[in-house]
Amino acid sequence: MQLSPIGYYSDFVVYPLLIAALAASGLAEAGLSGAAWWIVTCGSFVALWTLIEYWLHRAVLHHVPLIRDLHHDHHVNETASRGTPSWLSLSAHGLLVFLPIWLVTNFGMASAVSSGLMIGYLWYVCIHHILHHWHPPHAGYVYRLKQRHALHHHIDGDGNFGVTTGLWDRLFGTATPKQAARRSETRGPPL
Ligand SMILES: [Zn+2]
Ligand SMILES: [Zn+2]
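Report on the accompanying structure. Since the model is a prediction, treat every value here as computed from it, not as a measurement.

1. Some words on the nonpolar core
Step number 1: In terms of nonpolar packing, the biggest core is built from 19 residues, with Tyr15, Tyr121 and Tyr124 touching the most fellow members.
Step number 2: When residues of this core are traced back to their parent elements, those giving at least two are helix H2 (11-61), helix H4 (86-104) and helix H5 (107-133).
Step number 3: When residues in this core are grouped by element, the largest group, 11 residues, is from H5.
Step number 4: Residues within four places of Tyr124 in sequence aside, it is in contact with Trp49, Glu53, Val163 and Thr164.
Step number 5: Ranked by size, the runner-up nonpolar core spans five residues in total, among them Ala23, Ala30, Trp38 and Ala112.

What follows is the structure, given as structure tokens:
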């Protein structure tokens, strides 16, 4: 949805602060003996986020009524300050992930899982912003992501759903073929 400049950039401030506070308290509770377990759990959920990101984009942003329309606006006006408000994404993290896991297990597990998913989400928000607003050097990792995402926006809306990685598109058969990339190159720069 359309956000004010403060609303758009608040993720970049709120999430790092919250992740730092959650990680510090989770690691403090885990102690020296549990620190390695905490870090491995957190890292595993950073990786799991990339799969969640893929399916949210593919199944929710492109198919759920109303959300689909809001996402279509982003496809058309890609540099506009559109996105998910911090209060909404944080509520989802808190109510769907952190609280249930804390109630069922303990604070250490809840903080590790939530920190991992929030790091993954923050990484996604940062990369997505960079892809639409920066001009990364050609032939680099970020430029390849930018090309993939530009194909999703302009050539094939049914492919390249992964923003931070193309892994899941390759595994689930939704990677846009390279021929489409070459066709787009003949029409000019991707973004
Ligand atoms: Zn899309
Ligand atoms: Zn985009």
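2. Quick notes on the coordination of the zinc ion (ligand 1)
Step number 1: Coordination of the zinc ion (ligand 1) by the protein is provided by His57 (NE2), His62 (NE2), His71 (NE2), His75 (NE2) and His152 (NE2), with metal-donor distances spanning 2.0 to 2.2 Å.
Step number 2: Site description for the zinc ion (ligand 1): donor spacing in sequence, H-x4-H-x8-H-x3-H-x76-H. As far as burial versus exposure is concerned, His57 and His62 are alike and both buried.

3. Focus on empty space enclosed by the protein
Step number 1: Scanning the entire structure with this criterion turns up one cavity of 30 Å³ or more.
Step number 2: Looking at the largest cavity, its volume works out to about 40 Å³.
Step number 3: Lining the largest cavity are Tyr8, His74, Glu78, Ala80, Arg82, His128, His129, His132 and His133.

Conventions adopted
- Residues numbered from 1 in each chain as written.
- Chains lettered and ligands numbered in written order.
- Predicted model: local features only at pLDDT ≥ 70, side-chain atom pairs only at ≥ 80, totals over all residues.
- Heavy atoms only, no water.
- Core = buried A, V, L, I, M, F, W, Y, C linked by side-chain atoms within 4.5 Å.
- Buried < 20%, exposed > 50% of the residue type's maximum accessible area, 1.4 Å probe, protein only.
- Helix = DSSP H or I, 4+ residues; strand = E, 2+ residues; numbered from the N terminus.
- Contact = heavy atoms within 4.5 Å.
- Donors = N, O, S within 2.8 Å, 3.2 Å for Na, K, Ca; no water.
- 1 Å grid on protein atoms, 1.4 Å probe; cavity = no way out; pocket = protein on both sides within 12 Å on 5 of 7 lines; lining within 4 Å.
- Points joined across faces, edges and corners; volume = space filled by probe spheres on them.

Nothing here speaks to function; it is geometry throughout.
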